[in-house]
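Survey of secondary and tertiary structure
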Number of protein chains: 2
Amino acid sequence: MDQPEKEITITDVAKQAGVSMATVSRVVNGNNNVKEITRQKVLAVIDKLHYRPNAVARGLASKKSTTIGVIMPSITELLYANLADGIDDVASMYKYNILLTSFDNGKNEEQQLFNSLLAKQVDGIIYMGEQVSDELYESMLNSRVPVVFAGAVDHKNQIASVNIDYVTAARDVVKLLIDNGNQKIAMVTGDLKNSINGDYRLKGYQQALEQGGINYSSNNVFETVYNLQAGAAVWDAINDSGATAAYVTNDLLAAGIVNAAMAAGKNIPQDFEIITSSNTILCDVTRPQMTSVAQPLYDIGAVAMRMLTKLMNKEIVDELEVRLPYSLVKRDTTKKNN
Amino acid sequence: MDQPEKEITITDVAKQAGVSMATVSRVVNGNNNVKEITRQKVLAVIDKLHYRPNAVARGLASKKSTTIGVIMPSITELLYANLADGIDDVASMYKYNILLTSFDNGKNEEQQLFNSLLAKQVDGIIYMGEQVSDELYESMLNSRVPVVFAGAVDHKNQIASVNIDYVTAARDVVKLLIDNGNQKIAMVTGDLKNSINGDYRLKGYQQALEQGGINYSSNNVFETVYNLQAGAAVWDAINDSGATAAYVTNDLLAAGIVNAAMAAGKNIPQDFEIITSSNTILCDVTRPQMTSVAQPLYDIGAVAMRMLTKLMNKEIVDELEVRLPYSLVKRDTTKKNN
DNA sequence: TTGAAAGCGCTAACAT
DNA sequence: ATGTTAGCGCTTTCAA
């Protein structure tokens, strides 16, 4: 409103306050080696001039950007949005800004995103993808800045990660289904190449079957994609298979199945039980409401970010992999008798 | 893997290639004033050394960060996530990175977020909040960098914005409800202090009533918050009011109402009709599926970002406010007869 | 077509 | 407690 938009710099403040740049810098950075009276003087000028330190210049000089990078699949998937929410809260708690990048499935642009974050001099990176290429994995290992996986697992256990025990979670689910009297249980999953599905959840599914004395058959594993239509589309196949229950790895997919089953006149949960995996708001929206593994998504994000702050500070973290507890929230797509 | 993590700088490249920093800079920035042969030579060295320009240094020198700031309410609200999705796609198309900041309702931290984005030297800002304080509005007007509202309206029409015509959208909704034979129609909304609700949607609601020869009564306006529980909680009051239809301004809230009404044995849409406002995936998840205003959320985000790129380039934008077309998607919470 | 050199706005020794 | 000064890694005149 006043003058023609001249940016105020530390030099302007120093001059007006009659001190050196160094002193202004000290005041701005809360360095104690400043006499209270000069501090006040400088502060007054800063206020008067509306001085706002240039974070880019600061970053260049200090080699710290107080910015972290986040790499995630689609931001519109509730699962990731919830993780991001936790990351965001803790990041702002520690005064970090977030440089957000997301990628469309498949294309190997993740490597590029990673590089561009490094170019921007982020102080650390949180990754929530489903599978890392060997090349990207190498880059992460050799990265100048720390990397933390949120909601993902590093099979090689060399990169920090925060997650839940996907194997036992799947096992618990399927065990409940068996305990409820089901003998033929479908597993409805997304891409099995994604190791959470293909390695961990599938393993838990198989373990539970084995413990329940049921033979595993790949015919009962339905691999599809994560959306409502896919759920509707796969229902007939599931039903035809003779399964009386389904363990589903995604809430949206599960919602599609619930709706399709209901539309087909199936009685849920009496004749067909369904358990899903992320406990997002969708579990409360469907009718019947869906029983689900409750991953503490927000917490996973928050803990991952907290862990990253420690790593960025070169603090010691005792465990490279943090497994948060999960629970099973029973709603109305499973029988009540237990 | 090789050496102890020494960052490669433009100087290293210049030396190895036997040229000056200026030349390397030209090559990196695609400046044509470089002989092809030297270009190749430099490129080879860049490749060999894995040189990656430091974006912070570049930003300081060029006064451009190729980063934009985004200020949004909760990232977990589908509405905003969809807007952000559009922003993200166009941003990466134009090689901009996104500095994402979100705020918890109420607190006046938005001003702070805005300032911190400016401190980070973003080249532009997209704002998706619901209401801006006078102070923040002033800051935006006087900002060194352009600001665009996405999914919000600037009553004073001084700040660029992309949105839909919320007044006519509301009017269309309520008109359909009237045409379907409803005489008492509830409006269920979030905070009326949010001008989209309190000014635009409410006005459209009133206009439709007036055109339909129905008296407006504030008793039929139910102000609550945007979540499932609120929907369930408000249902009894709506029902008691004698309303036979409801215009709801949020999908999650609407889902809560649909579920509560169904649970109460209400026959939807025969005995009670519901139309919601954002056409998110929730509309397809509920049973019956919800009729909704289809805001082109992704497009709003995308167009807002495109507009920002123009503004950042000092290109002329013919209209400060862009109104995208919306439609009414009829599903199963409204009668079929029309 | 290329190079030299002056910044960009700040931090961080180092002096005092 | 405060000031001086040398960078941080790059872009951008200005010369050549």
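Residue numbering note: each chain is counted from 1, following its sequence as written. For naming, the first written chain is A and the first written ligand is 1, with later ones following in the order written. Owing to the predicted nature of the model, reporting of local features is limited to residues with pLDDT of at least 70; listing and counting of side-chain atom pairs is limited to 80 or more, with chain, interface and lining totals taken over all residues. Note that the side-chain values use all heavy atoms of the structure and ignore hydrogens as well as water.

Looking now at the overall build of chain A. Looking only at helices and strands, chain A has 13 helices and 12 strands in total. The globule rule used here is 2.2 Å times the number of residues to the 0.38 power, and the radius of gyration it is set against is calculated over C-alpha atoms. Since a compact globule built from 338 residues should have a radius of gyration of about 20 Å, the 26 Å found for chain A marks it as more spread out than a globular shape. Taken along the three principal axes of its C-alpha coordinates, chain A extends 85 × 40 × 35 Å. Whether a residue is buried, partly exposed or exposed follows from its accessible area with a 1.4 Å probe, protein chains only, as a fraction of its type maximum: under 20%, in between, or over 50%, in that order. Of all 338 residues assigned to chain A, the portion counted as buried reaches 53%. The helix count covers DSSP runs of H or I at least four residues long, the strand count covers runs of E at least two residues long, and both are numbered beginning at the N terminus.

A few words on the sheet that holds strand S10 (residues 291-294) of chain A. Residues and elements named next belong to chain A. Paired strands are those between which DSSP finds at least two bridges. Taken together, the 6 strands give an open sheet; going across it, the order is S7-S6-S8-S9-S10-S12, and neighbouring strands pair in mixed fashion. The open sheet terminates on both sides in strands that have one partner only, identified here as strand S7 (221-223) and strand S12 (327-329). On average, each strand axis in the sheet is tilted by 20 degrees relative to the strand beside it, whichever way the strands run. The pairing of strand S6 (residues 185-189) with S7 spans 3 bridges and is classified as parallel. Counted as the bridge partner of Met-187 is Val-221 from S7. For this analysis, residues touch if any pair of their heavy atoms sits within 4.5 Å. Orientation is described by lines fitted to C-alpha atoms, with helices fitted over the stretch in contact, and by angles between N-to-C directions that extend from 0 to 180 degrees. Taken strand by strand, helix H8 (residues 166-179) contacts S6, strand S8 (245-248), strand S9 (273-276), S10 and S12, and its axis lies near 170 degrees from that of S8. In the packing of helix H11 (residues 251-263) onto the sheet, the strands contacted are S6, S8, S9 and S10, and the crossing angle to S9 comes to about 165 degrees.

In superposing the copies, a least-squares fit is computed on C-alpha atoms, taking residues whose pLDDT is at least 70 in both. Once chain B has been moved 0.1 Å along the axis and rotated by 180 degrees, it coincides with chain A to within an RMSD of 0.1 Å. Accordingly, the operation relating the two chain copies is best matched by a two-fold axis. Relative to the rotation axis, the closest C-alpha in chain B is found at Leu99(B), a distance of 2.2 Å. A symmetric contact is evident, with 100% of the interface residues of chain B recurring at the interface of chain A.

Let us now look at the sheet that holds strand S6 (residues 185-189) of chain B. Residue and element names in this part refer to chain B. As summarised here, the arrangement of the 6 strands in space is S7-S6-S8-S9-S10-S12, forming an open sheet in which the pairing is mixed. With one partner strand each, in any of the chains shown, strand S7 (221-223) and strand S12 (327-329) form the two edges of the open sheet. Averaged over all pairs of adjacent strands, the angle between strand axes in this sheet comes to 20 degrees, irrespective of strand direction. The strands that helix H8 (residues 166-179) touches are S6, strand S8 (245-248), strand S9 (273-276), strand S10 (291-294) and S12; relative to S8, the one it contacts most, it runs at about 170 degrees. Against the sheet, helix H10 (residues 228-241) contacts S6 and S7, and its axis sits at roughly 170 degrees relative to S7.

Time to look at the protein's contact with DNA strand C. We call a residue near a molecule or strand whenever a single non-hydrogen atom of that residue lies within 4 Å of it. Close contacts around DNA strand C come from 27 residues, with Ile10(A), Tyr51(A), Thr23(B), Arg26(B) and Lys35(B) the closest. Sugar and phosphate atoms constitute 61% of the interface atoms of DNA strand C, taking the interface as everything within 4 Å of the protein. Here a phosphate oxygen of DNA strand C sits 2.5 Å away from a polar atom, N or O, in the side chain of Tyr51(A). Two N or O atoms form a polar contact when they lie within 3.5 Å of each other; inside protein one atom must be a possible hydrogen donor and the other a possible acceptor, and for residues adjacent in sequence the pair counts only when both atoms belong to side chains. Measuring from a phosphate oxygen of DNA strand C, one finds a side-chain N or O atom of Lys63(B) at 2.7 Å. Put simply, the parts of the chain that give the surface near DNA strand C at least two residues each are helix H2 (21-28) and helix H4 (55-62) of chain A together with helix H2 (21-28) and helix H4 (55-62) of chain B. Here the nonpolar group is Ala, Val, Leu, Ile, Met, Phe, Trp, Tyr, Cys and Pro; Asp, Glu, Lys and Arg are the charged ones; every other residue, Gly included, is treated as polar. Taken together, the residues of the surface near DNA strand C break down into 12 nonpolar, 10 polar and 5 charged.

Take the protein's contact with DNA strand D next. Close to DNA strand D lie 27 residues, the nearest being Arg26(A), Lys35(A), Ile10(B), Ser25(B) and Tyr51(B). For DNA strand D, the backbone makes up 59% of the atoms found within 4 Å of the protein, where backbone means sugar plus phosphate. In the model, a phosphate oxygen of DNA strand D is placed 3.1 Å from a nitrogen or oxygen of the Asn29(B) side chain. Contributing elements (two or more residues each) for the surface near DNA strand D: H2 and H4 of chain A together with H2 and H4 of chain B. Class assignment for the residues of the surface near DNA strand D results in 12 nonpolar, 10 polar and 5 charged.

Below, the discussion takes up H2(B). All names here are of chain B. By the burial criterion, the buried members of H2 are Thr-23, Val-24 and Val-27. Seen end-on, H2 carries its buried residues on one side only, within an arc spanning 100 degrees. Buried residues belonging to H2 abut helix H1 (10-17) and helix H3 (36-49). Taken from the residues just after H2, Gly-30 is the one with a positive phi, measuring 65 degrees. This arc describes the spread of directions from the helix axis toward the C-beta atoms.

As a further point, take the interface of chain B and chain A. Contact residues are listed per partner, giving 48 residues for chain B and 48 residues for chain A. Two parts placed together each lose some accessible area; with a 1.4 Å probe, that loss summed over both constitutes the buried area. Between chain B and chain A, roughly 4,400 Å² of surface is buried when both sides are summed, and carbon and sulfur atoms account for 58% of that area. Only one rule defines a salt bridge in this text: a Lys or Arg side-chain nitrogen within 4 Å of an Asp or Glu carboxyl oxygen. Between chain B and chain A we count 2 salt bridges in total. In this structure, Glu7(B) and Arg144(A) form a salt bridge, with 3.3 Å as the shortest nitrogen-oxygen distance. On inspection of chain B and its partner chain A, the count reaches 18 residue pairs in polar contact (both at pLDDT 80 or more). Only H4, helix H5 (78-93), strand S2 (97-103), helix H6 (110-119), helix H11 (251-263) and helix H12 (282-285) of chain B provide two or more residues apiece to the side of chain B that touches chain A. For the side of chain B that touches chain A, a count of residues per class yields 21 nonpolar, 17 polar and 10 charged. In this sheet, S2(B) lies alongside strand S2 (residues 97-103) of chain A in antiparallel orientation, the contact comprising 3 bridges.

A separate point is the pairing of strand S5 (residues 160-163) of chain A. Residues and elements named next belong to chain A. Here S5 shows two buried faces, one formed by Ala-160 and Val-162 and the other by Ser-161 and Asn-163. Alignment of strand S4 (residues 147-150) against S5, held across 3 bridges, turns out to be parallel. Considered in S5, the bridge of Val-148 is made with Ala-160. In terms of strand pairing, S5 meets strand S11 (residues 321-323) through 3 bridges, oriented parallel. Its bridge partner being in S11, Asn-163 is matched across the sheet by Arg-323.

Attention now goes to H3(B). Residues and elements named next belong to chain B. Any helix carries an expected span of 1.5 Å times its number of residues minus one. Over its 14 residues, H3 runs 20 Å from end to end, which matches the ideal 20 Å to within 8%, given 1.5 Å per residue. Within the span of H3, buried status applies to Thr-38, Val-42, Val-45, Ile-46 and Leu-49. Down the axis of H3, the sector holding all buried residues measures 100 degrees, keeping them to one side. The exposed residues of H3 that point more than 90 degrees off its buried face are Ile-37, Asp-47 and Lys-48. Elements in contact with the buried residues of H3: H1 and H2. Within two residues after H3, His-50 carries a phi angle of roughly 55 degrees, on the positive side.

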